[in-house]
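Inside the fold
Next come the chains, spelled out residue by residue.
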2 protein chains.
Amino acid sequence: MTRKILLLLILFIAGVFCVKAQQIQSPDGQLALTFELKNETPFYSLTYKGKPVIKPSSLGLELFDDPWDLMSGFSLKKSETSRFDETWQPVWGEYHSIRNHYNELAVTLTQEKAARYIIIRFRLFNDGLGFRYEFPEQPNLNYLVIKEECTQFAMAGDHKAFWIPGDYDTQEYDYTESKLSEIRGLMEQAITPNASQTPFSPTGVQTSLMMKSDDGLYINLHEAALVDYSCMHLELDDKNMVFRSVLTPDAQGRKGYLLAPCTSPWRTVIVSDKATDILQSTLTLNLNEPCKLKDTSWIKPVKYMGVWWEMITGKSTWAYTDVPSVKLETFDYSKAQPNGKHAANNEKVKSYIDFASQNGFNQLLVEGWNIGWEDWFGKSKDYVFDFVTPYPDFDVKMLQNYALSKGMRLMMHHETSASVRNYERHMDKAYQFMADNNYNAVKSGYVGNIIPRGEHHYGQWMVNHYLYAVQKAAEYKIMVNAHEAVRPTGLCRTYPNLIGNESARGTEYEAFGGSKPFHTTILPFTRLIGGPMDYTPGIFEMDISKLNPGNKSHVNSTLARQLALYVTMYSPLQMAADVPENYMRFADAFQFIKDVAVDWDDSRALAAEPGDYITIARKAKGTGNWFVGTTVDENGYLSVLKFDFLDPDKNYIATIYADAPGAHYLTNPQAYTIRKVLVNSKSVLKQQCAPGGGYAISIMEVTAPSQIKGLKKL
Amino acid sequence: MTRKILLLLILFIAGVFCVKAQQIQSPDGQLALTFELKNETPFYSLTYKGKPVIKPSSLGLELFDDPWDLMSGFSLKKSETSRFDETWQPVWGEYHSIRNHYNELAVTLTQEKAARYIIIRFRLFNDGLGFRYEFPEQPNLNYLVIKEECTQFAMAGDHKAFWIPGDYDTQEYDYTESKLSEIRGLMEQAITPNASQTPFSPTGVQTSLMMKSDDGLYINLHEAALVDYSCMHLELDDKNMVFRSVLTPDAQGRKGYLLAPCTSPWRTVIVSDKATDILQSTLTLNLNEPCKLKDTSWIKPVKYMGVWWEMITGKSTWAYTDVPSVKLETFDYSKAQPNGKHAANNEKVKSYIDFASQNGFNQLLVEGWNIGWEDWFGKSKDYVFDFVTPYPDFDVKMLQNYALSKGMRLMMHHETSASVRNYERHMDKAYQFMADNNYNAVKSGYVGNIIPRGEHHYGQWMVNHYLYAVQKAAEYKIMVNAHEAVRPTGLCRTYPNLIGNESARGTEYEAFGGSKPFHTTILPFTRLIGGPMDYTPGIFEMDISKLNPGNKSHVNSTLARQLALYVTMYSPLQMAADVPENYMRFADAFQFIKDVAVDWDDSRALAAEPGDYITIARKAKGTGNWFVGTTVDENGYLSVLKFDFLDPDKNYIATIYADAPGAHYLTNPQAYTIRKVLVNSKSVLKQQCAPGGGYAISIMEVTAPSQIKGLKKL
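1. Points about the domain arrangement of chain A
Residues and elements named next belong to chain A. Entries for chain A in the domain assignment read domain 1 (2–286) and domain 2 (288–503). The centre of domain 1, based on its C-alpha atoms, is set 34 Å off from the matching centre of domain 2. On the domain 2 side, the residues contacting the 39 residues of domain 1 number 36 residues. Between domain 1 and domain 2, roughly 2900 Å² of surface is buried when both sides are summed, and carbon and sulfur atoms account for 54% of that area. The largest share of the area that domain 1 buries against domain 2 comes from V91, W92 and Q171, three residues that together contribute 22% of it. At the boundary of domain 1 and domain 2, one finds one salt bridge. In this structure, R493 and E86 form a salt bridge, with 3.7 Å as the shortest nitrogen-oxygen distance.

Okay, here's the thing in structure tokens:
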């Protein structure tokens, strides 16, 4: 990777004990971070344009088997400030280049009674704050067993929040919009059933947490670079509006085992008075380490289809046969009676390959290809899958060759059933099997309670595992798209083969009863802060009973909005999730999915209000073409789109896929219009979005006069 | 493997409900097993020569998330008896051939209310009883989560017992000899400190448990074929003298996850009125499955030395340098300051190789060869070892080649520090490293608390792991000698590359404060019932301070008895554990260790009383030579040894290594005599054994008259 690096380092050593409060500002001067010791306890606070964002909040960790903890008794030994400014290029992403620009304060705190010290490091960017605990190598600080990390985030008011229940095992909840003070009263109804769930408190919420203050500040709390540490949640003291960190416990209730030298992940506060700034923040990526892979040439963003939605809706099955249980060691599939609904069969997969290749897709995900799906779930089964043995009706070599002959590849699927020891035991052979059979990407899953039993999806044990899988995959040049894994924290900068994650309520829930219409106006402010999401958009038939008469679920979106999601839900891995038949029915709308890019040189959040609407424009990598998406909540929205992001010297053909008059996510979701017009940087579009609707635009640079023949200006 | 199989199957189907009590006898008619349902609950009882061994004892399992359990509500659906008689040859062992001869009763019990059934299968041998629960495949019995296995063993009296505390993590305790009724009062002092220990009850004891009744019956309780199930312990109801099974729990207190079809391990009752019969029992092996390895040609019993005792005594260190902690990812050993006490260095290892090869040994164990020993233990460290990176002063290739040039191999050491995920992650590379470097045997260790945290050494999770390691090792043609693993249950029949285990208080404890002098008169009745033990005998210098002035421990044995252990402690893997200097000092005694075999065509327990003395004779494989060993307790013993096991047509030269007059394990342990005499099958030896003493004899067939020149008859 080539990199432009501009590094300015200015170092101050403040005299010991002579400075009580330490302060730094963001490069643009809008943010100010103050650190001080009060009663020998560390406190920090943050302001934005003079307004309080984080009121004085204490920092520290409680430890097991340690008489002193790391909570108090500190004195300031050293205080260092520095400045950093570097521009780097991601392997894939929303931007061609990203500027990593911050002022830093590192305070060294001595705990005399224990003869040890820690460092708290603050990095203040224009878009927010990151800070972490550092435990340097020293004689009296080797091993730490964390009872709790006690990081406070004291809010300056009873903000509006977009939250899901704090849970050690799932994030697949619908969002609730409420005042902080209302969380407690709304928690019970917010906790909907999930295959594995462990909510921990009536005021516990997940990060990334999006809030808006009464005085118009948008504040986002999350973490960056979660490596070998337990995932952080937040618990609200709803009398004082103070959040405290709650780490995910292990089977014995312990929250982390550390060996110095080491650090905590970064705790992040992204803040602005413009909601769009939150969407454009690169702070999370910047707080992660640079890419550790030497060769990244094999990592390619990908648009894919899948033999998937028909199983999700219940039309087809992952399983090949119908039996109450399968003992993989002994079950003889060759003698089993096929259930007649197994989707991952040679004939069907070939027909999917035909359709996908004809429409320009690169890969086809096939789930349910491997033996074991008859009783894969919910029984704490240890040996569930072997990840290499196909069902009798799935010919790996033939299908992979067939795909290659059509310019495509199959995409691998590894559902682990959360039996993690079993997955790790099979991992090398499974990845080698992929390498031997031309697979270069795997969608992995962690459905159900974790084995080893008692561990949680978001604990240190599993955080360690997810990264282990990504690192090992890199050895085999495999891209990983992990579902039900811990929420991302920008690690894709360091390991760009982590090409996707789920870690939130994805489109599948539209077939499990539906998600709230405003869902996609929130996710970019929350889940996507940490990294891309494999949201699997592109559903054209909202009435699920059309596929499976027994499933009465409804997709709470208009068709036009389904297109917009390819732009608003950034991911280098984008699925066209619906079945081919539905795309054939709406071939003109499908054209947008075929056209839209998956990798970008630039991205602009043009308009946004969490819970209401989001409009984003992106410039396709290596081209002059742009794509725009708008997604809105159940109230509809009149979007006024200025095309001033376009090159003023050029003309473009815009194809606008919008809700038709009368469209409505519930009653009339498939009413859309498509129009092709000429636009330039001075154009303005006024576009009405239906309730639960939106629009998508492809904007192609005009390269020959013949292209514009017969087109009108917008 | 060639096998003589004689299979006689006689089948009775008893009518449903028409037979209340089912009974079978052992082939010799001495043992009688009775099964009956009382109040719809299964009961069994056992007699030997008409005397009660097990009084009516109930059977069943408590389940989680199951409204009925598998405790009662049973009716007898079917009762089948059969007979089995087969002779098989072990890959290695105490006997050339083993007869597997039993009568079987299998009762099918229907639990109507749950519409399901189980089978309880009893096998009655001349040497005892085995029985197990079987869960056949059926619609209403798929997954079982065990709350507790409720198997009773109702004793007929307040027997004398040789017991160690019941513990989920260790068996490294000294034995206590007491009445059953005295266990509770003696428990506290019996629980001595260990690196990982979880005693579970004031009347909890381990299997194999050895008892003697007032009317002279020797009774042994254990289990056979422990596969993917939690290890069983025993808890005594000391009012009624009834043991109940206690399975090892997992991190959540659950005791096993089963998927039908499956079975429990066999629960075993070995019984006789002769103590020697207990030592000669082959019931445990017979209850295991036949060998599953197709090629066993690479499995070779081995006599070895080790760079080990000098670390155990504290003279040297496993670690290369002295630092409080090591982060393997980043620590630079090339810049570390050597501590000067690291034993596994090129020079020393070469000198050990020289000595061992000169004295006919096949392998040299080297511990502390690999990086990470500086802080390997007690910190719940996850990434402790990588199992492939040597210390800077240990040249694997050079040393292995040096060993090969002397007709030897190095023996691998894998201390896992009980961080089992880390071991499994490195296992393939570690075994491949062994294959690449000519290692064919590994001593593995599991010191400390298990990671995943909350799991126990003897729970299903770990039981599964130990076998996984053995199976994977077999793929690389590696023999496994696992220390701190679960106690063996005869699995070496099925996987003969499981060449050894520790799973008890080994010789190392003689350097950690000492073991009771009677220890080795009990182990063959308890720990060795399940399989061979790598006891590491052969210590010639009992005063540990001679090696390490700071260590005042004393080996509670005479030197002559140390020789006897090579015969009494059966193992296909025998170590000469002391340092070369001590063997050079007592070269004449060392000759026995050089001569003694490690694989046998026949074995005879000639005299035995648990806790008092054991005399065993064994015939070396493929030869006419015999070796005899006697070990006795702190009271000494006059042994009268009849040589009637010898071929009456042959003459032999016996070399007798015995305690000298005045020898005593504490005050005069190195006083021994060696005499060479002629013996035949009519010879009788009267030999006084010192307190904590014993003797060893090598008996070589006379093949040429010149050999006996100058020798007297015994």
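After that view of the structure, there is still more to cover.
2. Some words on the relation of the copies chain A and chain B
Each copy of the sequence occupies a distinct position, and chain A is placed on chain B by a rotation of 180 degrees and an axial shift of 0.0 Å, giving an RMSD of 0.0 Å. As the rotation angle and translation indicate, the two copies are arranged about a two-fold axis. Closest to the rotation axis within chain A is the C-alpha of A251 of chain A, separated from it by 3.2 Å.

3. Concerning the sheet that holds strand β20 (residues 257–259) of chain A
By way of backbone hydrogen bonds, the strands of a sheet pair with one another, either parallel or antiparallel. Residue and element names in this part refer to chain A. The antiparallel open sheet is built from three strands, whose spatial order is β6-β11-β20. Two strands in the sheet have a free side with no partner beyond their single neighbour: β6 (61–63) and β20. Across the sheet, the mean angle from the axis of one strand to that of its neighbour is 50 degrees, orientation sign disregarded.

4. Concerning the side chain of N497 of chain B
Residue and element names in this part refer to chain B. Along the chain, N497 falls in the loop between β27 (479–482) and β28 (498–501). Looking at N497, the relative accessible area reads 0%, which means it is buried. At 2.9 Å, the side chain of N497 and the backbone oxygen of V470 are in polar contact. Excluding its chain neighbours within four sequence positions, the residues that come into contact with N497 are L293, W298, I299, V470, A473, A474, I478, M479 and V480.

5. A word on the pattern of salt bridges
Residue and element names in this part refer to chain B. On inspection of all chains with the given rule, the structure shows 70 salt bridges over all chains. Of the charged contacts, one joins R99 and D85 as a salt bridge, the two residues approaching to 2.5 Å between their closest N and O atoms. Here D85 lies in strand β7 (residues 74–88) and R99 lies in strand β8 (residues 98–111), a separation of 14 residues in the sequence. R99 gets classed as partly exposed once you look at its relative accessible area, which sits at 47%. Exposure remark for D85: the relative accessible area of 7% places this residue in the buried category.

6. Side note on the nonpolar core
Ranked by internal contacts, the top residues of the largest apolar core, which has 207 residues, are F122, F135, F153 and F243 of chain B. Counting residues per element, this core draws most heavily on helix α8 (residues 460–475) of chain B, which supplies ten residues. Beyond its immediate sequence surroundings of up to four residues, F122 of chain B is in contact with I24, L33, F35, Y44, L59, N103, E104, L105, V107, L129, G130 and F131 of chain B. In this structure, V107, V269, L528 and F590 of chain A belong to the second largest nonpolar core, which totals 206 residues.

7. Remarks on the environment of P549 of chain B
With respect to the element layout, P549 of chain B can be found in the loop between α9 (519–522) and α10 (559–568). A C-alpha to C-alpha distance of 56 Å links P549 of chain B and E134 of chain B, two positions 415 residues apart in sequence.

8. What about the packing of helix α5 (residues 346–358) of chain B against helix α6 (residues 396–405) of chain B?
A pair of packed helices can be characterised by two numbers: the angle between their axes and the separation between those axes. All names here are of chain B. Their axes nearest at 10 Å, the elements α5 and α6 cross at an angle of 15 degrees. Accordingly, the angle class assigned to the pair α5 and α6 is roughly parallel. As α5 runs across α6, the sense of the crossing is right-handed. Residue-level contacts link N346, V349, K350, I353 and D354 of α5 to M398, L399, Y402 and A403 of α6. Looking at the contact of α5 with α6 residue by residue, the classes come out as six nonpolar, one polar and two charged.

Rules and cut-offs
- Residues numbered from 1 in each chain as written.
- Chains lettered and ligands numbered in written order.
- Predicted model: local features only at pLDDT ≥ 70, side-chain atom pairs only at ≥ 80, totals over all residues.
- Heavy atoms only, no water.
- Domains from an automatic or database assignment.
- Contact = heavy atoms within 4.5 Å.
- Buried area = accessible area lost by both parts, 1.4 Å probe.
- Salt bridge = Lys/Arg side-chain N within 4 Å of Asp/Glu carboxyl O.
- Least-squares fit on C-alpha atoms with pLDDT ≥ 70 in both.
- Pairing = 2+ DSSP bridges.
- Helix = DSSP H or I, 4+ residues; strand = E, 2+ residues; numbered from the N terminus.
- Axes fitted to C-alpha atoms, helices over the stretch in contact; angles between N-to-C directions.
- Buried < 20%, exposed > 50% of the residue type's maximum accessible area, 1.4 Å probe, protein only.
- Polar contact = N/O pair within 3.5 Å; in protein donor to acceptor, adjacent residues only side chain to side chain.
- Core = buried A, V, L, I, M, F, W, Y, C linked by side-chain atoms within 4.5 Å.
- Parallel < 35°, antiparallel > 145°, perpendicular 65-115°, else oblique.
- Left-handed = near helix turned anticlockwise from the far one by under 90°.
- Nonpolar A, V, L, I, M, F, W, Y, C, P; charged D, E, K, R; others polar.

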